[in-house]
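Here is what each chain is made of, one letter per residue.
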Amino acid sequence: MTADIKKLEEQVKAAAIPDDLREKCLGMIARVTAIGFEQAAHYVDWIVNLPWDKSSDDILDLGHARQVLDRNHYGLGDLKERVLEYLSILILNKQKSASYRAPILLLVGLVGTGKTTLAISIAEALGRKLVRIPFGGMSSALDLRGQSRVHADAEVGLVMKGVRRAGVKNPVILVDEIDRVADIARGEIMGVLVELLDPEQNMAFTDHYIDFPFDLSQAMFIATCN
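Residues numbered from 1 in each chain as written. Predicted model: local features only at pLDDT ≥ 70, side-chain atom pairs only at ≥ 80, totals over all residues. Heavy atoms only, no water.

Caption draft 1: Geometry of the side chain of Asp 207. Among the secondary structure elements, Asp 207 is positioned in the loop between β4 (205-206) and β5 (213-214). With no salt bridge to any partner, buried Asp 207 finds its closest opposite charge in Arg 149, at an N-O distance of 7.6 Å. Only 2.9 Å separates the side chain of Asp 207 from the backbone nitrogen of Gly 157, close enough to count as a polar contact. There is a polar contact of 3.2 Å between the side chain of Asp 207 and the backbone nitrogen of Ile 210. Once you skip the residues sitting within four places of it in the chain, Asp 207 turns out to touch Leu 144, Arg 145, Gly 146, Val 156, Gly 157, Met 160 and Phe 212. (Helix = DSSP H or I, 4+ residues; strand = E, 2+ residues; numbered from the N terminus. Buried < 20%, exposed > 50% of the residue type's maximum accessible area, 1.4 Å probe, protein only. Lys, Arg positive; Asp, Glu negative; His and termini not counted. Salt bridge = Lys/Arg side-chain N within 4 Å of Asp/Glu carboxyl O. Polar contact = N/O pair within 3.5 Å; in protein donor to acceptor, adjacent residues only side chain to side chain. Contact = heavy atoms within 4.5 Å.)

Caption draft 2: Fine view of the pairing of strand β6 (residues 220-225). The buried fraction of β6 is high, at 6 of 6 residues. Here β6 shows a buried face lined by Met 220, Ile 222 and Thr 224 and a second buried face lined by Phe 221, Ala 223 and Cys 225. Bridging between strand β1 (residues 105-108) and β6 involves 4 bridges; their strand directions are parallel. Counterpart to Leu 107 in the pairing with β6 is Thr 224. With 4 bridges joining them, strand β3 (residues 172-176) and β6 adopt parallel strand pairing. Note that in β6 the partner of Leu 174 across the bridge is Ile 222. (Pairing = 2+ DSSP bridges.)

Caption draft 3: Highlighting unusual backbone geometry. The phi dihedral of Leu 76 falls on the positive side, at around 55°, and the residue is not glycine. As for its position among the elements, Leu 76 is in the loop between α5 (62-72) and α6 (77-96). For Glu 177, which is not glycine, the phi dihedral falls at a positive 60°. Along the chain, Glu 177 falls in the loop between β3 and α10 (186-197). For Glu 177, a relative accessible area of 17% puts it in the buried group.

Caption draft 4: Layout of the environment of His 208. Residue position: His 208 is located in the loop between β4 and β5. Separated by 61 residues in the primary sequence, His 208 and Gln 147 have C-alpha atoms spaced 5.1 Å apart. Beyond its immediate chain neighbours, meaning those up to four positions away, His 208 contacts Leu 142, Arg 145, Gly 146, Gln 147 and Ser 148.

Caption draft 5: The environment of Leu 107, seen in detail. With respect to the helices and strands, Leu 107 occurs in strand β1. By relative accessible area, which is 9% here, Leu 107 ends up buried. Linking Leu 107 and Thr 2, residues 105 residues apart in sequence, is a C-alpha distance of 53 Å. Ignoring any residue separated from it by four or fewer positions in sequence, one finds Leu 107 in contact with Lys 115, Leu 118, Ile 222, Ala 223, Thr 224 and Cys 225.

Caption draft 6: Structural detail: the packing of α5 against α6. With their axes 11 Å apart at the nearest point, α5 and α6 run at an angle of 150° to one another. Here α5 lies roughly antiparallel to α6, going by the angle between them. Considering how the two elements wind past one another, α5 and α6 form a crossing that is right-handed. Along the contact surface, α5 presents Leu 62, Ala 65, Arg 66, Leu 69 and Asp 70, while α6 presents Lys 80, Glu 81, Val 83, Leu 84, Leu 87, Ser 88 and Ile 91. (Axes fitted to C-alpha atoms, helices over the stretch in contact; angles between N-to-C directions. Parallel < 35°, antiparallel > 145°, perpendicular 65-115°, else oblique. Left-handed = near helix turned anticlockwise from the far one by under 90°.)

Caption draft 7: Structural detail: the pattern of salt bridges. Taken as a whole, this structure holds 13 salt bridges when the rule is applied. For the salt bridge of Lys 24 with Asp 211, the shortest nitrogen-to-oxygen distance reads 2.8 Å. Here Asp 211 lies in the loop between β4 and β5 and Lys 24 lies in helix α2 (residues 19-30), a separation of 187 residues in the sequence. Since its relative accessible area comes to 28%, Lys 24 is described here as partly exposed.

None of the figures reported here should be taken as evidence of function without further support.
In structure tokens:
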């Protein structure tokens, strides 16, 4: 057990994470006999594997973007021009400021009209990773934000799970079918969604399980609804 605890400490000390979070993790490890080694190890695994300081470089080339759109989508001339205008604004904003924030894009259309594939093409055009969060049938805000570790079956939310899979803090996050959440939890889920999309709040998005703010201000959000 002592060797395992030492290994956890070394992982936390070597990881590129905020200093406040490092101290919090080391304090948890010091109390491992009280909270249980497995729970502490699972938390540390999440903390050290989130992309706190990793981001991808954008491909700021409208010619490349047009090629991707033409290759992946037949016709849709007006829509492609609108997407290129959107990317143009994104490129101009980034040239003016390194801390730019991408405007939110909402795609509305019938089922099967290509909203999701268009979002995939936008991510490909920019050279960004894509994270898809399906809202269809979602019945609890905890699905998005995770659950506190005081619960035995606590789990990280879909947002941070997607960010970990992407491996970067600036992916394209596709918030898919936001109109199809369960009516019973619509208010709570939309409350989390507002926090996720609001540039004044998503710079410190807090998952209940991680229990520490994560900066999502450089992510690009694309929402779809039917």
